[in-house]
Amino acid sequence: MKRDLISQYKLPLEIRFCVRCTMSNQRPRISFDEDGVCSACKFANFKQNVIDWGARETELIALCDLHRKSNGEYDVIVPCSGGKDGSFVAHQLKYKYGMTPLTVTWAPLKAAAIGRRNLDSFIASGFNHLLGTPNPQVTKKLTQLSYRHLGDPFQPFIYGQTNFPLQIAVKYDIPLIMYGENGEVEYGGDMKNALSPTREIQDHDDHYFSGLPPEFWADHGVPSADLIPFMAPKFEEIVRKKIEIHFMSYYKFWDPQENYYYCHENTGFSANDERTEGTYSKYASLDDEIDGFHFYLAYIKFGIGRATSDSAHEIRDGKITRDEGIALVKRFDHEFPNKYYKEFLEYCAISHEESEDIIDSWRSDHIWKRESGEWKLRTPIWDVK
(Lines give C-alpha, C1' and ligand atoms only; values in the text may rest on other atoms or scores of the structure.)
Protein backbone atom coordinates (compact mmCIF):
# COMPACT_ATOMS: atom_id res chain seq x y z
CA MET A 1 0.00 0.00 0.00
CA LYS A 2 1.46 3.34 -1.08
CA ARG A 3 1.37 6.06 1.59
CA ASP A 4 0.48 9.70 1.13
CA LEU A 5 3.30 11.29 3.08
CA ILE A 6 2.67 14.74 1.66
CA SER A 7 -0.75 14.88 3.30
CA GLN A 8 0.17 12.91 6.41
CA TYR A 9 3.19 15.03 7.33
CA LYS A 10 2.26 18.23 5.46
CA LEU A 11 5.41 18.07 3.33
CA PRO A 12 6.16 20.64 0.62
CA LEU A 13 6.39 19.23 -2.91
CA GLU A 14 9.49 21.22 -3.82
CA ILE A 15 12.58 20.00 -1.97
CA ARG A 16 14.84 22.78 -0.70
CA PHE A 17 17.93 22.71 1.48
CA CYS A 18 19.03 25.19 4.08
CA VAL A 19 21.82 27.40 2.71
CA ARG A 20 23.75 27.09 5.98
CA CYS A 21 23.42 23.42 6.98
CA THR A 22 22.42 20.09 5.42
CA MET A 23 18.78 19.99 6.52
CA SER A 24 15.95 20.02 3.99
CA ASN A 25 12.44 21.40 4.18
CA GLN A 26 11.11 17.83 4.37
CA ARG A 27 11.70 17.68 8.11
CA PRO A 28 8.20 17.93 9.63
CA ARG A 29 7.36 21.33 11.12
CA ILE A 30 10.64 22.97 10.06
CA SER A 31 10.45 26.42 8.45
CA PHE A 32 12.71 28.40 6.11
CA ASP A 33 13.01 32.18 5.90
CA GLU A 34 13.10 34.24 2.70
CA ASP A 35 16.91 33.84 2.56
CA GLY A 36 16.72 30.04 2.62
CA VAL A 37 17.86 29.64 6.23
CA CYS A 38 16.14 26.94 8.30
CA SER A 39 14.60 27.61 11.68
CA ALA A 40 17.23 25.52 13.48
CA CYS A 41 20.09 27.54 11.99
CA LYS A 42 18.35 30.79 12.85
CA PHE A 43 17.97 29.59 16.42
CA ALA A 44 21.62 28.47 16.51
CA ASN A 45 22.67 31.98 15.52
CA PHE A 46 20.35 33.40 18.17
CA LYS A 47 21.74 31.22 20.94
CA GLN A 48 25.34 31.90 19.91
CA ASN A 49 25.05 35.66 19.54
CA VAL A 50 22.03 36.93 21.45
CA ILE A 51 21.21 34.79 24.48
CA ASP A 52 22.82 35.88 27.74
CA TRP A 53 23.84 32.49 29.13
CA GLY A 54 24.80 33.97 32.45
CA ALA A 55 21.24 35.24 32.85
CA ARG A 56 19.91 31.84 31.77
CA GLU A 57 21.99 30.14 34.46
CA THR A 58 20.55 32.57 37.00
CA GLU A 59 17.11 31.37 35.91
CA LEU A 60 18.24 27.76 36.40
CA ILE A 61 19.55 28.51 39.89
CA ALA A 62 16.23 30.16 40.79
CA LEU A 63 14.33 27.14 39.45
CA CYS A 64 16.49 24.77 41.49
CA ASP A 65 16.09 26.95 44.60
CA LEU A 66 12.32 26.80 44.13
CA HIS A 67 12.20 23.01 43.96
CA ARG A 68 15.19 21.90 46.04
CA LYS A 69 14.35 19.87 49.14
CA SER A 70 16.61 19.82 52.17
CA ASN A 71 15.44 16.49 53.60
CA GLY A 72 16.95 14.17 51.02
CA GLU A 73 13.73 13.62 49.10
CA TYR A 74 13.81 13.69 45.32
CA ASP A 75 13.25 17.15 43.89
CA VAL A 76 13.72 16.61 40.14
CA ILE A 77 13.20 13.77 37.68
CA VAL A 78 15.79 13.33 34.94
CA PRO A 79 14.93 10.94 32.10
CA CYS A 80 18.23 9.22 31.34
CA SER A 81 19.27 6.15 29.39
CA GLY A 82 22.90 6.41 30.43
CA GLY A 83 23.70 8.32 27.24
CA LYS A 84 25.68 11.53 27.09
CA ASP A 85 22.77 13.98 27.23
CA GLY A 86 20.66 12.74 30.14
CA SER A 87 23.82 11.88 32.07
CA PHE A 88 25.09 15.43 31.58
CA VAL A 89 21.81 16.87 32.88
CA ALA A 90 21.65 14.63 35.94
CA HIS A 91 25.31 15.10 36.87
CA GLN A 92 25.09 18.89 36.55
CA LEU A 93 21.90 19.10 38.60
CA LYS A 94 23.28 16.93 41.39
CA TYR A 95 26.90 17.97 41.65
CA LYS A 96 26.80 21.61 40.52
CA TYR A 97 23.33 22.75 41.60
CA GLY A 98 22.78 20.62 44.70
CA MET A 99 19.61 18.86 43.53
CA THR A 100 18.53 15.32 44.43
CA PRO A 101 17.51 13.80 41.11
CA LEU A 102 15.61 10.60 40.59
CA THR A 103 16.82 9.32 37.22
CA VAL A 104 14.37 7.23 35.21
CA THR A 105 14.87 5.03 32.18
CA TRP A 106 12.29 3.46 29.90
CA ALA A 107 13.62 0.06 28.88
CA PRO A 108 14.97 -0.20 25.32
CA LEU A 109 13.11 -2.45 22.90
CA LYS A 110 16.24 -4.58 22.49
CA ALA A 111 19.02 -3.32 24.71
CA ALA A 112 22.45 -3.02 23.13
CA ALA A 113 25.35 -4.21 25.27
CA ILE A 114 27.22 -0.90 25.15
CA GLY A 115 24.06 0.98 26.12
CA ARG A 116 23.60 -1.20 29.19
CA ARG A 117 27.24 -0.73 30.18
CA ASN A 118 26.89 3.04 29.91
CA LEU A 119 23.71 3.00 32.00
CA ASP A 120 25.42 0.89 34.68
CA SER A 121 28.42 3.25 34.68
CA PHE A 122 26.14 6.26 35.00
CA ILE A 123 24.25 4.77 37.97
CA ALA A 124 27.55 3.80 39.60
CA SER A 125 28.72 7.41 39.37
CA GLY A 126 26.26 8.24 42.14
CA PHE A 127 22.59 8.19 41.14
CA ASN A 128 19.31 6.74 42.29
CA HIS A 129 17.53 5.16 39.39
CA LEU A 130 14.25 3.59 38.27
CA LEU A 131 13.91 1.35 35.22
CA GLY A 132 10.47 1.04 33.62
CA THR A 133 10.07 -2.29 31.84
CA PRO A 134 6.64 -3.00 30.35
CA ASN A 135 5.36 -6.44 29.39
CA PRO A 136 7.85 -7.55 26.69
CA GLN A 137 5.15 -9.33 24.70
CA VAL A 138 3.04 -6.17 24.54
CA THR A 139 6.09 -4.12 23.58
CA LYS A 140 6.91 -6.56 20.81
CA LYS A 141 3.33 -6.46 19.51
CA LEU A 142 3.32 -2.65 19.48
CA THR A 143 6.68 -2.62 17.69
CA GLN A 144 5.34 -4.91 14.98
CA LEU A 145 2.20 -2.81 14.56
CA SER A 146 4.11 0.47 14.55
CA TYR A 147 6.46 -0.76 11.86
CA ARG A 148 3.59 -1.90 9.66
CA HIS A 149 1.25 1.06 10.19
CA LEU A 150 3.55 3.98 11.07
CA GLY A 151 6.76 3.03 9.33
CA ASP A 152 8.54 3.48 12.66
CA PRO A 153 9.23 0.46 14.88
CA PHE A 154 10.59 2.78 17.56
CA GLN A 155 7.23 4.36 18.40
CA PRO A 156 6.49 2.16 21.48
CA PHE A 157 9.80 3.25 22.99
CA ILE A 158 8.98 6.90 22.29
CA TYR A 159 5.65 6.47 24.11
CA GLY A 160 7.40 5.21 27.21
CA GLN A 161 10.30 7.62 27.00
CA THR A 162 7.80 10.49 26.95
CA ASN A 163 5.13 9.24 29.35
CA PHE A 164 7.00 7.18 31.96
CA PRO A 165 8.67 10.25 33.53
CA LEU A 166 5.24 11.86 33.80
CA GLN A 167 3.85 8.76 35.51
CA ILE A 168 6.69 8.81 38.05
CA ALA A 169 6.34 12.56 38.61
CA VAL A 170 2.67 12.15 39.46
CA LYS A 171 3.19 9.03 41.57
CA TYR A 172 6.00 10.49 43.68
CA ASP A 173 4.83 14.12 43.73
CA ILE A 174 7.95 15.46 42.00
CA PRO A 175 6.69 18.42 39.95
CA LEU A 176 9.95 19.16 38.06
CA ILE A 177 11.12 17.05 35.09
CA MET A 178 14.34 18.09 33.36
CA TYR A 179 15.12 16.81 29.87
CA GLY A 180 18.22 17.59 27.85
CA GLU A 181 17.58 19.30 24.54
CA ASN A 182 14.39 20.60 22.98
CA GLY A 183 14.64 18.69 19.71
CA GLU A 184 11.97 20.80 18.03
CA VAL A 185 14.17 23.85 18.51
CA GLU A 186 17.66 22.38 18.20
CA TYR A 187 17.01 20.27 15.09
CA GLY A 188 14.20 22.27 13.48
CA GLY A 189 10.48 21.96 14.05
CA ASP A 190 7.77 23.83 15.88
CA MET A 191 9.56 26.93 17.19
CA LYS A 192 6.79 28.18 19.45
CA ASN A 193 8.77 27.16 22.57
CA ALA A 194 12.13 28.47 21.34
CA LEU A 195 12.15 31.15 24.03
CA SER A 196 10.53 29.04 26.71
CA PRO A 197 12.20 26.61 29.14
CA THR A 198 9.18 24.30 29.04
CA ARG A 199 6.98 22.42 26.60
CA GLU A 200 3.25 21.89 26.56
CA ILE A 201 2.08 18.35 27.28
CA GLN A 202 -0.77 18.90 24.82
CA ASP A 203 1.83 18.88 22.01
CA HIS A 204 3.06 15.36 22.71
CA ASP A 205 0.73 13.60 20.28
CA ASP A 206 1.74 15.76 17.33
CA HIS A 207 5.43 16.24 18.10
CA TYR A 208 6.36 12.77 19.33
CA PHE A 209 3.58 10.30 18.48
CA SER A 210 2.87 11.12 14.80
CA GLY A 211 -0.62 12.12 15.91
CA LEU A 212 -1.33 8.63 17.27
CA PRO A 213 -1.26 8.26 21.08
CA PRO A 214 -0.94 4.81 22.68
CA GLU A 215 -4.73 4.46 22.89
CA PHE A 216 -4.84 4.24 19.08
CA TRP A 217 -3.56 0.67 19.17
CA ALA A 218 -6.62 -0.60 21.00
CA ASP A 219 -8.30 -0.52 17.57
CA HIS A 220 -5.61 -2.92 16.34
CA GLY A 221 -6.23 -5.61 18.91
CA VAL A 222 -4.08 -4.49 21.83
CA PRO A 223 -6.13 -4.64 25.06
CA SER A 224 -6.56 -1.23 26.67
CA ALA A 225 -5.20 -2.54 29.96
CA ASP A 226 -1.94 -3.52 28.25
CA LEU A 227 -1.50 0.02 26.97
CA ILE A 228 -1.59 1.68 30.39
CA PRO A 229 2.21 1.54 30.98
CA PHE A 230 2.72 3.43 27.71
CA MET A 231 0.16 6.13 28.47
CA ALA A 232 0.48 9.47 30.21
CA PRO A 233 -1.30 10.08 33.51
CA LYS A 234 -4.64 11.82 33.27
CA PHE A 235 -4.12 15.42 32.21
CA GLU A 236 -6.11 16.63 35.21
CA GLU A 237 -3.64 14.89 37.53
CA ILE A 238 -0.67 16.47 35.76
CA VAL A 239 -2.23 19.91 36.14
CA ARG A 240 -3.33 19.32 39.73
CA LYS A 241 0.18 18.31 40.77
CA LYS A 242 1.71 21.19 38.79
CA ILE A 243 4.06 18.98 36.81
CA GLU A 244 6.40 20.94 34.53
CA ILE A 245 8.74 19.68 31.81
CA HIS A 246 11.87 21.79 31.39
CA PHE A 247 14.79 21.58 28.98
CA MET A 248 18.38 21.98 30.09
CA SER A 249 19.16 23.32 26.61
CA TYR A 250 17.21 26.47 27.53
CA TYR A 251 19.50 27.11 30.50
CA LYS A 252 22.82 25.81 29.12
CA PHE A 253 24.41 26.19 25.69
CA TRP A 254 23.67 22.78 24.18
CA ASP A 255 26.57 21.03 22.45
CA PRO A 256 26.23 17.23 22.03
CA GLN A 257 29.95 16.74 21.43
CA GLU A 258 30.88 18.65 24.58
CA ASN A 259 28.31 16.60 26.51
CA TYR A 260 30.15 13.49 25.35
CA TYR A 261 33.48 14.77 26.67
CA TYR A 262 31.86 15.79 29.97
CA CYS A 263 30.24 12.41 30.53
CA HIS A 264 33.29 10.46 29.46
CA GLU A 265 35.10 12.21 32.30
CA ASN A 266 32.34 12.30 34.93
CA THR A 267 29.91 9.39 34.46
CA GLY A 268 32.02 6.70 32.80
CA PHE A 269 30.37 7.09 29.41
CA SER A 270 32.11 5.21 26.59
CA ALA A 271 31.74 5.70 22.87
CA ASN A 272 31.29 2.71 20.62
CA ASP A 273 34.29 0.96 19.08
CA GLU A 274 32.78 1.51 15.65
CA ARG A 275 30.76 4.29 14.12
CA THR A 276 26.97 4.09 14.20
CA GLU A 277 25.40 2.84 10.97
CA GLY A 278 23.95 5.67 8.91
CA THR A 279 26.31 8.28 10.30
CA TYR A 280 29.90 9.02 11.21
CA SER A 281 29.76 9.40 15.00
CA LYS A 282 30.42 6.80 17.69
CA TYR A 283 28.73 8.32 20.73
CA ALA A 284 25.02 8.92 19.99
CA SER A 285 21.97 6.63 20.22
CA LEU A 286 23.80 3.57 21.50
CA ASP A 287 21.10 2.11 23.72
CA ASP A 288 18.89 0.04 21.43
CA GLU A 289 19.54 -2.48 18.66
CA ILE A 290 16.36 -1.32 16.90
CA ASP A 291 17.29 2.37 17.05
CA GLY A 292 18.92 2.28 13.60
CA PHE A 293 15.66 1.36 11.90
CA HIS A 294 13.95 4.43 13.34
CA PHE A 295 16.57 6.64 11.67
CA TYR A 296 16.62 4.64 8.45
CA LEU A 297 12.85 4.92 8.05
CA ALA A 298 13.18 8.69 8.53
CA TYR A 299 15.61 8.62 5.61
CA ILE A 300 13.07 6.71 3.54
CA LYS A 301 10.16 8.98 4.48
CA PHE A 302 11.85 12.37 4.33
CA GLY A 303 15.22 11.85 2.64
CA ILE A 304 16.73 12.83 5.99
CA GLY A 305 18.99 10.24 7.61
CA ARG A 306 21.06 10.21 10.73
CA ALA A 307 24.12 11.74 9.04
CA THR A 308 21.99 14.68 7.91
CA SER A 309 20.75 15.36 11.44
CA ASP A 310 24.21 14.94 12.97
CA SER A 311 26.03 17.03 10.37
CA ALA A 312 23.44 19.81 10.45
CA HIS A 313 23.87 20.17 14.21
CA GLU A 314 27.66 20.08 13.99
CA ILE A 315 27.65 22.72 11.24
CA ARG A 316 25.55 24.97 13.49
CA ASP A 317 27.94 24.29 16.38
CA GLY A 318 30.95 25.24 14.24
CA LYS A 319 32.48 21.75 14.37
CA ILE A 320 32.44 21.16 10.59
CA THR A 321 31.80 23.16 7.43
CA ARG A 322 28.74 22.78 5.23
CA ASP A 323 30.84 21.20 2.47
CA GLU A 324 32.19 18.68 4.95
CA GLY A 325 28.64 17.99 6.11
CA ILE A 326 27.44 17.40 2.55
CA ALA A 327 30.27 14.93 1.97
CA LEU A 328 29.33 13.04 5.14
CA VAL A 329 25.67 12.93 4.12
CA LYS A 330 26.58 11.58 0.69
CA ARG A 331 28.78 8.90 2.25
CA PHE A 332 26.66 7.70 5.16
CA ASP A 333 23.01 8.87 5.08
CA HIS A 334 21.79 6.02 2.87
CA GLU A 335 23.45 3.23 4.84
CA PHE A 336 21.12 0.40 5.82
CA PRO A 337 21.36 -0.82 9.47
CA ASN A 338 22.58 -4.34 8.70
CA LYS A 339 24.25 -5.07 12.03
CA TYR A 340 21.05 -6.05 13.85
CA TYR A 341 18.82 -6.70 10.85
CA LYS A 342 18.38 -10.40 11.57
CA GLU A 343 17.45 -9.66 15.18
CA PHE A 344 15.09 -6.93 14.01
CA LEU A 345 13.21 -9.26 11.65
CA GLU A 346 12.89 -11.88 14.38
CA TYR A 347 11.67 -9.31 16.88
CA CYS A 348 9.05 -7.98 14.48
CA ALA A 349 8.13 -11.51 13.32
CA ILE A 350 8.32 -10.55 9.65
CA SER A 351 10.26 -11.76 6.63
CA HIS A 352 12.87 -9.83 4.70
CA GLU A 353 10.41 -9.52 1.81
CA GLU A 354 7.69 -8.09 4.08
CA SER A 355 10.15 -5.60 5.52
CA GLU A 356 11.21 -4.49 2.05
CA ASP A 357 7.58 -3.96 1.09
CA ILE A 358 6.96 -1.87 4.20
CA ILE A 359 10.02 0.27 3.55
CA ASP A 360 9.13 0.87 -0.09
CA SER A 361 5.54 1.78 0.82
CA TRP A 362 6.93 4.85 2.63
CA ARG A 363 8.89 6.17 -0.34
CA SER A 364 7.18 9.29 -1.62
CA ASP A 365 7.36 9.96 -5.36
CA HIS A 366 8.47 13.54 -4.81
CA ILE A 367 11.55 12.30 -2.90
CA TRP A 368 12.43 9.03 -4.66
CA LYS A 369 12.80 7.72 -8.20
CA ARG A 370 13.54 4.25 -9.54
CA GLU A 371 16.43 3.98 -12.01
CA SER A 372 17.99 0.78 -13.38
CA GLY A 373 16.38 -1.23 -10.60
CA GLU A 374 17.70 1.03 -7.83
CA TRP A 375 16.05 3.66 -5.64
CA LYS A 376 17.66 7.08 -5.86
CA LEU A 377 16.93 10.45 -4.31
CA ARG A 378 15.42 12.84 -6.82
CA THR A 379 17.09 15.85 -5.24
CA PRO A 380 20.24 14.95 -3.30
CA ILE A 381 21.91 17.85 -1.56
CA TRP A 382 25.22 17.33 -3.39
CA ASP A 383 23.44 18.05 -6.69
CA VAL A 384 21.88 21.33 -5.58
CA LYS A 385 24.41 22.84 -3.18
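Residues numbered from 1 in each chain as written. Predicted model: local features only at pLDDT ≥ 70, side-chain atom pairs only at ≥ 80, totals over all residues. Heavy atoms only, no water.

Details of empty space enclosed by the protein
Think of a ball as big as a water molecule: rolled over the atoms, this probe shows where empty space is left. The criterion, for reference: In this analysis a 1.4 Å probe is tested at points of a 1 Å grid over the protein atoms alone, and where it fits but cannot get out there is a cavity; an open set with protein on both sides within 12 Å along at least five of seven lines is a pocket; lining residues have an atom within 4 Å of a point. Grid points are joined across faces, edges and corners, and a volume is the space filled by probe spheres set on the points. A run of H or I in DSSP becomes a helix once it reaches four residues, and a run of E becomes a strand once it reaches two; helices and strands are each numbered from the N terminus. Charged means Asp, Glu, Lys or Arg here, nonpolar means Ala, Val, Leu, Ile, Met, Phe, Trp, Tyr, Cys or Pro, and polar covers whatever is left, Gly included.
Per the stated rule, a full pass over the model turns up five cavities of 30 Å³ or more. Considered as a void within the structure, the largest cavity measures approximately 160 Å³ in volume. In this structure, the largest cavity is lined by 18 residues; those nearest its centre are Phe-17, Gly-303, Leu-377, Thr-379 and Ile-381. For the lining of the largest cavity, the secondary-structure elements that each account for two or more residues are helix H14 (291–302) and helix H19 (381–384). The residue makeup of the lining of the largest cavity, split by class, is eleven nonpolar, six polar and one charged.

Considering the packing of aromatic side chains
Keep this limit in mind: Only the six-membered ring of Trp is used, alongside the rings of Phe and Tyr, when aromatic pairs are assigned; centres must lie within 6.5 Å, and planes under 30 degrees apart are stacked while those over 60 apart are edge-to-face, with the rest tilted. The buried label goes to any residue with under 20% of its type's maximum accessible area, the exposed label to any with over 50%, and the partly exposed label to all in between, with areas taken from a 1.4 Å probe on protein chains only.
Under the definition given, this model contains 24 aromatic pairs. Relative to Phe-344, the ring of Tyr-147 has its centre 5.0 Å away and its plane inclined at 75°; by these criteria the two rings are edge-to-face. Separated by 197 residues along the polypeptide, Tyr-147 in helix H6 (residues 136–150) and Phe-344 in helix H17 (residues 341–348) bring together distant segments of the chain. With a relative accessible area of 1%, Phe-344 lands in the buried category. Relative to Tyr-299, the ring of Tyr-296 has its centre 6.0 Å away and its plane inclined at 45°; by these criteria the two rings are tilted. With Tyr-296 and Tyr-299 both in helix H14 and three residues apart, this pair spans about one turn of that helix.

Structural notes on the nonpolar core
Counted only if it meets this: Among the buried residues, those of types Ala, Val, Leu, Ile, Met, Phe, Trp, Tyr and Cys that are joined through side-chain atoms within 4.5 Å form a nonpolar core. Residue contacts follow a heavy-atom distance rule, with two residues in contact if any of their heavy atoms lie within 4.5 Å.
Ranked by size, the top nonpolar core spans 76 residues in total, and within it Cys-21, Cys-38, Tyr-147, Ile-177, Trp-217 and Phe-344 carry the most contacts. Ranked by residues supplied to this core, first place goes to helix H7 (residues 155–172) with eight residues. The contacts of Tyr-147, once residues within four sequence positions are left out, are Asp-152, Pro-153, Leu-297, Phe-344, Cys-348, Ile-350, Ser-355, Ile-358, Ile-359 and Trp-362. Formed by 28 residues, the second largest nonpolar core is a distinct cluster that contains Phe-88, Val-89, Leu-93 and Leu-119.

Points about the environment of Cys-18
Here Cys-18 shows up in the loop between helix H1 (5–9) and helix H2 (39–49). For Cys-18, a relative accessible area of 0% corresponds to the buried category. Taking the C-alpha atoms as reference points, Cys-18 and Met-231, separated by 213 residues in sequence, lie 36 Å from one another.

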